[in-house]
Amino acid sequence: MTHPGDGDDAGNGTFAPKKAARYWTTLAPVVTAAVTKTAHRTGRETRSLYPVATAFVLWAWQTKGLELDVARMFRRRVVEEYVHRGMASFTRGSRATYRSVLLTIVDAVTPPSEAPFPIPRSDPTPPYTAAEIAALRSWAGAQGSTVRRRDAAVLLALGFGAGLATRELLSVRTGDIDIRGDEIHILVWSGRPRLVPVLPAWQPGLRTAIGELGDDQWVFRVGRTGVRSAQVTDFLHRGHTTELDVRPARMRTTWLLAHLQSGTPPRDLLRIAGLEHLAALDRIRLFLPSRAPLPPSKSDVERSLD
């Protein structure tokens, strides 16, 4: 089984990723820094570290939405989440191998004195600008086949229109979409079950898809046998090369910001976003012109009194 980080040693010591080639210029500084430091400290060959490190960094950046930074990414908690969620379709042996290599890198790049401290909160993933959203719409409409155009439109609709995380949007089936007049709702079953209204501007892509698909089919990428976070990346790799940053994590931030800008009550937004605490929304408000903090949630107040 291949992985987004699989690649070849170019023969001169330069790693040449296969599936992550389009993102390599972006990922290379972080991956190379981690691999080089680990090889220096442990004596391991870089060729055994590069594929695993590349796959992990791609997931942490594209799916998890972490900042491209060695210290923020190569943490034990992030590694464990990747192994259990980002490698769900892999064999137990493959997952154990990746985990071992990644923890070796963590031990090499994270000084022991820093290990016991809590992971610092990463900066929120920035939203897309209006120009970037327009470019993504054009990208979706320029795909080379009817099926790819439909999938690209659905990807944007579920990300920008409903704010779904990667695994959530991959789990949506036609039966989970409720269309009633001018309203569309998506029933999310995985992770954080909830009913999510789709923003009107992004409804056309879903309406077209539902009209073309049968009962109980995946809405994005029909024909899959399961759900893997890498399936979004695979879809992007198989299309025409683009320099656009197509990430559900950024789409979700943009969706949250759109609701805050339109005046959606924070409690309602927490419910449809599958979030628990207002602090998560307060971080998104950093992108608003007015940065007044949200009122604390009841649970936050209770914790402060403990």
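Attention here is on the structure that accompanies the text. Bear in mind that the values here come from a model prediction, so they are computed numbers and not experimental data. (Residues numbered from 1 in each chain as written. Predicted model: local features only at pLDDT ≥ 70, side-chain atom pairs only at ≥ 80, totals over all residues. Heavy atoms only, no water.)

Observations regarding the pairing of strand β4 (residues 183–188)
Relative to β4, strand β3 (residues 177–180) runs antiparallel, the two being bridged by 4 bridges. Bridge pairing in β4 links D178 to H185. From the end of β3 to the start of β4, which pair antiparallel, there are 2 residues, and G181 there has a positive phi angle of about 60°. As judged from the 4 bridges shared by β4 and strand β5 (residues 194–197), these two strands associate in the antiparallel manner. Bridge pairing in β5 links V188 to R194. Where β4 folds back on β5, the antiparallel hairpin that results is connected by 5 residues, among which G191 adopts a positive phi of roughly 75°. (Pairing = 2+ DSSP bridges. Helix = DSSP H or I, 4+ residues; strand = E, 2+ residues; numbered from the N terminus.)

Describing helix α6 (residues 130–141)
An ideal rise of 1.5 Å per residue puts 16 Å on 12 residues; α6 measures up with 17 Å between its terminal C-alpha atoms. By the burial criterion, the buried members of α6 are I133, L136, W139 and A140. For α6, the arc enclosing every buried residue in end-on projection is 115°, short of the 170-degree limit, so these residues lie on one face. What points out from α6, more than 90 degrees from its buried face, is the exposed set A130, A131, S138 and G141. For α6, the elements touching its buried residues are α7 (146–161), α10 (230–238) and α11 (248–262). (Expected span 1.5 Å × (residues − 1). Buried < 20%, exposed > 50% of the residue type's maximum accessible area, 1.4 Å probe, protein only. Arc of directions from axis to C-beta. Contact = heavy atoms within 4.5 Å.)

Description of the packing of helix α2 (residues 46–62) against helix α4 (residues 76–86)
Look at α2 against α4: their axes get within 11 Å of each other, and the N-to-C directions meet at 90°. By the angle class used here, α2 and α4 are roughly perpendicular. Together, A55, F56 and W59 of α2 and V78, V79, E81, Y82 and G86 of α4 make up the contact between the two elements. For the contact of α2 with α4, the class distribution of residues is 6 nonpolar, 1 polar and 1 charged. (Axes fitted to C-alpha atoms, helices over the stretch in contact; angles between N-to-C directions. Parallel < 35°, antiparallel > 145°, perpendicular 65-115°, else oblique. Nonpolar A, V, L, I, M, F, W, Y, C, P; charged D, E, K, R; others polar.)

Some details on the packing of aromatic side chains
Using the criterion set out here, one finds 10 aromatic pairs in the structure. Relative to Y50, the ring of W24 lies with its centre 6.3 Å away and its plane at 70°, an arrangement referred to as edge-to-face. In this pair, W24 sits in helix α1 (residues 24–42) while Y50 sits in helix α2, placing the two residues 26 residues apart along the sequence. Given a relative accessible area of 15%, W24 falls into the buried group. (Phe/Tyr/Trp six-rings, centres within 6.5 Å; stacked < 30°, edge-to-face > 60°.)

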